[in-house]
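This is what each chain is made of:
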Amino acid sequence: MQADMQPVASHSEDGFRSVTENAPEGIIVAQGFDVPCRYVNRRACELSGYTLPELMDIQPSQLLDPGECARIEQHLEMQSRDKNNPEAFETTLLCKGGQVLPIEITGSPVVWQGAASVLIKFRDITRNKKLEAELGERIQERTASWRMAVETLEAKQRELTVRRQELDRINKELVKA
């Protein structure tokens, strides 16, 4: 039976590698956050700046902000148990050259070479962050412009109220006379 499974397992692994090597996301398979990676794809290397051998020797926790590791690990664990948990969330990737790359990350439990592991997918969201910042600036500009328009209208309304009161006073004087 074991001999019959070998071609199927080999075929499955070849298919997996074919899919992941062409994926637009970085993909890492690890047994935990504090053990070296078991598998990394080409895009994970490109995004992190590490070579394949370097990345295979790195623990996933070394690629993340130390203050974020516990939160990310907890989120991925909850995600594997609770399908209602939001699938992806934002964090940062610590790259080889010291750069910090904003990423969206998600994880799924998998069995890799017979061991319980987690498949971590991440993608660069630098462009999204830039667009978000630009949108935020536009909103601030529009809000400031709107507030100026409101202030101008309120000032005009006060001016018209004073003029109306003056006209009412003049009208009363004319009616008396």
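As a reminder, the structure under discussion sits directly above these lines.
This write-up is about the structure you can find in this document. These figures come from a predicted structure and were not determined experimentally. (Residues numbered from 1 in each chain as written. Predicted model: local features only at pLDDT ≥ 70, side-chain atom pairs only at ≥ 80, totals over all residues. Heavy atoms only, no water.)

1. Focus on the overall build of the protein
Thought 1: For the protein, the count of helices and strands is five helices and five strands.
Thought 2: Moving toward the C terminus, one meets the helices and strands of the protein in the order α-β-β-α-α-α-β-β-β-α.
Thought 3: Taking all 177 residues of the protein together, the buried fraction comes to 28%.
Thought 4: Long-range contacts, defined as pairs at least 24 residues apart, comprise 39% of the intrachain contacts of the protein with a sequence gap of at least 6.
Thought 5: Entry remark: accessible area of the protein is about 12,300 Å², with carbon and sulfur atoms responsible for 54%. (Helix = DSSP H or I, 4+ residues; strand = E, 2+ residues; numbered from the N terminus. Buried < 20%, exposed > 50% of the residue type's maximum accessible area, 1.4 Å probe, protein only. Contact = heavy atoms within 4.5 Å. Areas by Shrake-Rupley, 256 points an atom, 1.4 Å probe, with all protein chains shown as cover.)

2. Describing the nonpolar core
Thought 1: Ranked by internal contacts, the top residues of the largest apolar core, which has 25 residues, are Ile28, Leu55, Leu93, Ile120 and Phe122.
Thought 2: Listed by contribution, the elements that provide at least two residues to this core are β1 (26–30), α2 (42–48), α4 (66–81), β3 (89–94), β4 (100–112) and β5 (115–124).
Thought 3: Other than its neighbours up to four places away in sequence, Leu93 contacts Leu47, Ser48, Leu63, Gln99, Val100, Leu101, Ile103 and Phe122. (Core = buried A, V, L, I, M, F, W, Y, C linked by side-chain atoms within 4.5 Å.)

3. Here we look at a nonpolar patch on the surface
Thought 1: Taken together, Leu167, Ile170 and Leu174 make up a surface patch of nonpolar side chains, about 300 Å² in accessible area.
Thought 2: In this fold, Leu167 is placed in helix α5 (residues 126–176). (Patch = residues over 30% accessible without salt bridge, like charges linked within 9 Å, V, L, I, M, F, W, Y side chains within 5 Å. Salt bridge = Lys/Arg side-chain N within 4 Å of Asp/Glu carboxyl O.)

4. So, the pairing of β1
Thought 1: Counted residue by residue, β1 has five buried out of five residues, so it is predominantly covered.
Thought 2: Burial of β1 is two-sided: the residues Gly26, Ile28 and Ala30 facing one way and the residues Ile27 and Val29 facing the other way are all buried.
Thought 3: Note: β1 against β5, five bridges, orientation antiparallel. Among the inter-strand pairings, Val29 is bridged to a residue of β5, identified as Leu119.
Thought 4: Here two bridges tie β1 to strand β2 (residues 39–40), and the two strands are oriented antiparallel to one another. Counted as the bridge partner of Ile28 is Val40 from β2. (Pairing = 2+ DSSP bridges.)

5. Observations concerning the pairing of β4
Thought 1: With six bridges connecting them, β3 and β4 associate as antiparallel partners. Note that in β4 the partner of Thr92 across the bridge is Pro102.
Thought 2: Counting the residues in the hairpin turn of β3 and β4 gives five residues, including Gly98, whose phi is positive at 95°.
Thought 3: Here β4 runs beside β5; their pairing, made up of 10 bridges, is antiparallel. Across the sheet, residue Val110 finds its bridge partner in β5, namely Ser117.
Thought 4: In sequence, β4 turns back onto β5 through a hairpin of two residues, with Gln113 there showing a positive phi of about 50°.

6. Let's talk about the pattern of salt bridges
Thought 1: Applying the stated rule across the entire model yields 10 salt bridges.
Thought 2: A salt bridge links Glu68 to Arg71, with the nearest nitrogen and oxygen atoms 2.5 Å apart. In this pair, Glu68 and Arg71 both sit in helix α4, three residues apart, roughly one turn of the helix.
Thought 3: The class of Glu68 is buried, set by a relative accessible area of 19%.
Thought 4: For Arg71, a relative accessible area of 38% gives the class partly exposed.
Thought 5: One salt bridge connects Glu159 with Lys156, and the closest N-O pair in it is separated by 3.8 Å. One end of the pair is Glu159 and the other is Lys156, both in helix α5 and three residues apart, which spans about a single turn.

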